[in-house]
Amino acid sequence: MTNLLAHMRRSAIPYVALLLVLAVGLGGGYALAASKTKTITVCADKSTGILHLKTHGKCKRSQTRVTWNQQGPQGVPGVQGPAGQAGPAATSVWATVTNTGSVAFGQGISVQHIAAGTYEVTITSPSCATASNAPVVTVSDANPPNGEDQASHSFAVAWYEATAANQQFLVFTGVVVGGSFSATDHTFDVIDTCM
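Read on for an overview of the structure.

How each quantity is defined
Residues numbered from 1 in each chain as written. Predicted model: local features only at pLDDT ≥ 70, side-chain atom pairs only at ≥ 80, totals over all residues. Heavy atoms only, no water. Helix = DSSP H or I, 4+ residues; strand = E, 2+ residues; numbered from the N terminus. Buried < 20%, exposed > 50% of the residue type's maximum accessible area, 1.4 Å probe, protein only. Contact = heavy atoms within 4.5 Å. Disulfide = S-S within 2.5 Å. Patch = residues over 30% accessible without salt bridge, like charges linked within 9 Å, V, L, I, M, F, W, Y side chains within 5 Å. Areas by Shrake-Rupley, 256 points an atom, 1.4 Å probe, with all protein chains shown as cover. Salt bridge = Lys/Arg side-chain N within 4 Å of Asp/Glu carboxyl O. Phe/Tyr/Trp six-rings, centres within 6.5 Å; stacked < 30°, edge-to-face > 60°. Pairing = 2+ DSSP bridges. Axes fitted to C-alpha atoms, helices over the stretch in contact; angles between N-to-C directions.

Looking only at helices and strands, the protein chain has 1 helix and 12 strands in total. Reading the protein chain from its N terminus to its C terminus gives the helix and strand order α-β-β-β-β-β-β-β-β-β-β-β-β. By residue count, 24% of the 195 residues in the protein chain fall in the buried class. Restricting to contacts in the protein chain with at least 6 residues of sequence separation, those with at least 24 account for 49%.

As enumerated under the stated definition, the model contains 1 disulfide in all. Here Cys43 connects covalently by a disulfide to Cys59, the sulfurs 2.0 Å from one another. Negative torsions about the S-S bond denote left-handed disulfides, and the value of about -80° found for Cys43 with Cys59 makes this one left-handed. Note that Cys43 is positioned in strand 1 (residues 39–45) and Cys59 in the loop between strand 2 (51–53) and strand 3 (63–69), a separation of 16 residues in sequence. For Cys43, a relative accessible area of 1% puts it in the buried group. Judged by its relative accessible area of 23%, Cys59 falls in the partly exposed class.

On the surface, Trp94, Phe105, Val136 and Ile191 cluster together to form a nonpolar patch covering roughly 400 Å² of accessible area. Within the secondary structure, Ile191 sits in strand 12 (residues 188–192).

Okay, the packing of aromatic side chains next. How two aromatic rings sit relative to each other is given by the distance of their centres and the angle of their planes. This model, assessed by the stated rule, comprises 4 aromatic pairs. Centre to centre, the rings of Tyr160 and Phe169 are 5.7 Å apart; their planes meet at 70°, and the pair counts as edge-to-face. Overall, Phe169 belongs to the buried group, its relative accessible area being 2%. Cluster of aromatic residues (ring-pair linked, three or more members): Trp159, Phe172 and Phe181.

Our next topic: the sheet that holds strand 1. One key point about sheets: their strands pair by backbone hydrogen bonds, in either a parallel or an antiparallel sense. Across the sheet, 3 strands lie side by side as 2-1-3; this open sheet has antiparallel pairing. Only two strands of the sheet have a single partner each, and these edge strands are strand 2 and strand 3. In this sheet, adjacent strand axes meet at a mean angle of 35° when their direction is disregarded. By the bridge criterion, 7 bridges tie strand 1 to strand 3 in an arrangement that is antiparallel. By the bridge assignment for strand 3, Thr41 is matched with Thr67.

Right, let's get into the pairing of strand 6 (residues 109–115). With 6 bridges joining them, strand 6 and strand 7 (residues 118–123) adopt antiparallel strand pairing. The partner of Ser110 across the bridge, within strand 7, is Thr122. The hairpin formed by strand 6 and strand 7 contains 2 residues between the paired strands, and Gly117 there has a positive phi angle of roughly 75°.

With that settled, the discussion passes to the side chain of Thr118. Looking at where Thr118 falls in the secondary structure, it is placed in strand 7. Residues in contact with Thr118, not counting those within four places in the same chain, are Gln112, His113, Val171 and Phe172.

Written out as structure tokens, the structure is:
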């Protein structure tokens, strides 16, 4: 048994050295192959056109050798395309309206306070004179009028109603308390894209 162990120790060293040399040699060969420009070579049957991948050797007499690069040279940049069409106009009218009906901030809108919670909004911007109007009206419920709050299940609301005039509409504001609506004056925001 001791002779067998001694023999394995003496013969293991050359095997380990051989494995090390092969591993380094194969790794270096792979690195060398990976750094070269690679080509693809096939043999095409002259009669059928079927392609056969060729890793080494020559094509048969009934075949034609075809070779190409895996990646070709960078192409010439194309010509500049035509300019695109102009996009739609940005929002052209907007306002923050106070509960008294005056415009605190904004452009292209005038407002008249009609009654409690009712406002007549007119689009005054010339760019919107022939456009269709689809306003968006929002009201903040962070501070409802008359001191109502979330504990009493109240919240502020606002909406608009179209009138016969294209550039004019009514905005209604109020508060809902316990499921019932009460018209009250309230600050609101209005935006119209004039499409």
